[in-house]
Amino acid sequence: MTSGTKQGLLLGRALLCAAALSCAGTGPARADEQAPMTAPSLPIVSDARLAGDTKQTRFVLDLDKPVAFRAFALPNPYRVVLDMGQVSFRLPTGVGVNGRGLVRAFRYGMVMPGGSRFVFDLTGPVRITSAKMMEAANGQPARLVLELEEVDQAAFTEALNQDAALALKPAVPDAPPLITPPQTVPAAKPAQPVDPRPVVVVDPGHGGVDNGTQSGSEAEKNVVLAFGIALRDRLEKSGKYRVVMTRSDDTFIPLNDRVKIAHDEKAALFVSIHADALPKGEGDAQGATIYTLSDKASDAEAQRLADAENRADAIGGVNLTDEPTDVADILIDLAQRETRTFSNRFARTLMGEMKTSTRMHKNPLKSAGFRVLKAPDVPSVLVELGYVSNKGDMEHLVSDGWRSKTAASMAQAIDAFLAKRLATAGPSN
Ligand SMILES: [Zn+2]
């Protein structure tokens, strides 16, 4: 990188769909289409394959109709991101696990309502030499073809800089909006009656292109979503809180957006839900662990975990260089210090309740530099429900009985913490 300044790399190497090809009507599904009974049909992606070698690699996607798309490269680590309007994935299982040529592996999923994404992990720097959408012809389905070519690092960086400059101008004047704006970060809501109840933000980790850890066919993103929904339902039943989910479906949400939701909602509490896995060959571990934010990790395992969880944005194809950096502001620092005291208090309360219903890790309270816990003004904890790498934990994680019992004890802890907090401090807003 030439300097530490923010470079508009997010749009780097943006290649809008070829102007020669009509993209109209192939963008994101629109709610206003005339289909009162059935949802508008999304383009179906039926196959994805790689060809070529370590000099030139081609990616081919089969669809039932053309879609608007763009592709761009990202550094650190080297990736190519392919964004398109929302599609329905009907790909063979295991596709993308093993790469070919310049592509080490790829993954795909919904990245926001109305938008789908492929993320390619690369073996090194590449240039996107061509990106084309071809309409169905001669019995062949519509195809999206990406051509990648090996380049050296200098050429890669130069291309990114050029694209950053280009991205400041509209690339194609009449290009349709590729993806509807994310609905996960709530905009100012028009004249809704003010709900005075404290807000609890429930944050199921990962989602969409980011599976989290994996054990057999069970991905962390699904396990934690099921738990998050159970916790939400439990909390809502009491009527005492307004519960906001950072995601309630299989959508990728960048880490900063999760933090922003907590901040914008003036949340009284933020609870991030995850499940851990021990790397192969590192023995076995079991039980739930509750993490709070700290500058220095409480132990090596906490550091490893924070590193893994903080990688979510790279996995999801968010460009970290484009994200606002932490503001080293003294006021934020002070707010954060107070917030951390409350976070630690909640973590202890939570441990006391959870151990009555579920197996805890032998050191159940830890801390590390989790990015998702960095809202300066919202007490935040991250709960690793257990280890998907442990057979006993895994049986719990997929069990309805365990889930409802554990969500109930979590809700109990939230009640106890907020009752005390709100009695002494008044509502946070
Ligand atoms: Zn996780």
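Residues numbered from 1 in each chain as written. Predicted model: local features only at pLDDT ≥ 70, side-chain atom pairs only at ≥ 80, totals over all residues. Heavy atoms only, no water.

Caption draft 1: Molecular detail of empty space enclosed by the protein. Per the counting criterion, the structure on display carries 4 cavities of 30 Å³ or more. Roughly 70 Å³ of internal volume is contained in the largest cavity. Taken together, 14 residues line the largest cavity, and the ones lying closest to its centre are Leu255, His274, Glu309, Val372 and Leu382. Going through the elements one at a time, α3 (255–264), β14 (269–276) and α4 (300–310) are the ones with two or more residues in the lining of the largest cavity. Looking at side-chain class alone, the lining of the largest cavity contains 5 nonpolar, 5 polar and 4 charged residues. Taken as a whole, the second largest cavity spans an internal volume of roughly 40 Å³. Taken together, Leu293, Gln336, Thr339, Arg340, Ser343, Leu373, Ala375, Val378 and Ser380 form the lining of the second largest cavity. Counting residues per element, the lining of the second largest cavity draws most heavily on helix α6 (residues 330–354), at 4 residues. Residue composition of the lining of the second largest cavity, grouped by class: 4 nonpolar, 4 polar and 1 charged. (1 Å grid on protein atoms, 1.4 Å probe; cavity = no way out; pocket = protein on both sides within 12 Å on 5 of 7 lines; lining within 4 Å. Points joined across faces, edges and corners; volume = space filled by probe spheres on them. Helix = DSSP H or I, 4+ residues; strand = E, 2+ residues; numbered from the N terminus. Nonpolar A, V, L, I, M, F, W, Y, C, P; charged D, E, K, R; others polar.)

Caption draft 2: Structural context of the sheet that holds β14. Strand order in this open sheet of 6 strands is β13-β10-β14-β17-β15-β16, and the pairing throughout is mixed. Looking at the sheet topology across the chains shown, the edges are occupied by β13 (242–245) and β16 (360–368). Averaged over all pairs of adjacent strands, the angle between their axes in this sheet comes to 20°, without regard to strand direction. Bridge count between strand β15 (residues 288–293) and β16: 5 bridges; the pairing is parallel. (Pairing = 2+ DSSP bridges. Axes fitted to C-alpha atoms, helices over the stretch in contact; angles between N-to-C directions.)

Caption draft 3: Representation of the coordination of the zinc ion in the model. Protein-derived ligands of the zinc ion are His206 (NE2), Glu220 (OE), His274 (ND1), Glu309 (OE) and Glu309 (OE), with the metal-ligand distances lying across 2.0 to 2.4 Å. Sequence spacing of the donors to the zinc ion: H-x13-E-x53-H-x34-E. Here Glu309 lies in helix α4 and His206 lies in the loop between β10 (199–204) and β11 (214–215), a separation of 103 residues in the sequence. With relative accessibility at 6%, the residue His206 sits in the buried group. (Donors = N, O, S within 2.8 Å, 3.2 Å for Na, K, Ca; no water. Buried < 20%, exposed > 50% of the residue type's maximum accessible area, 1.4 Å probe, protein only.)

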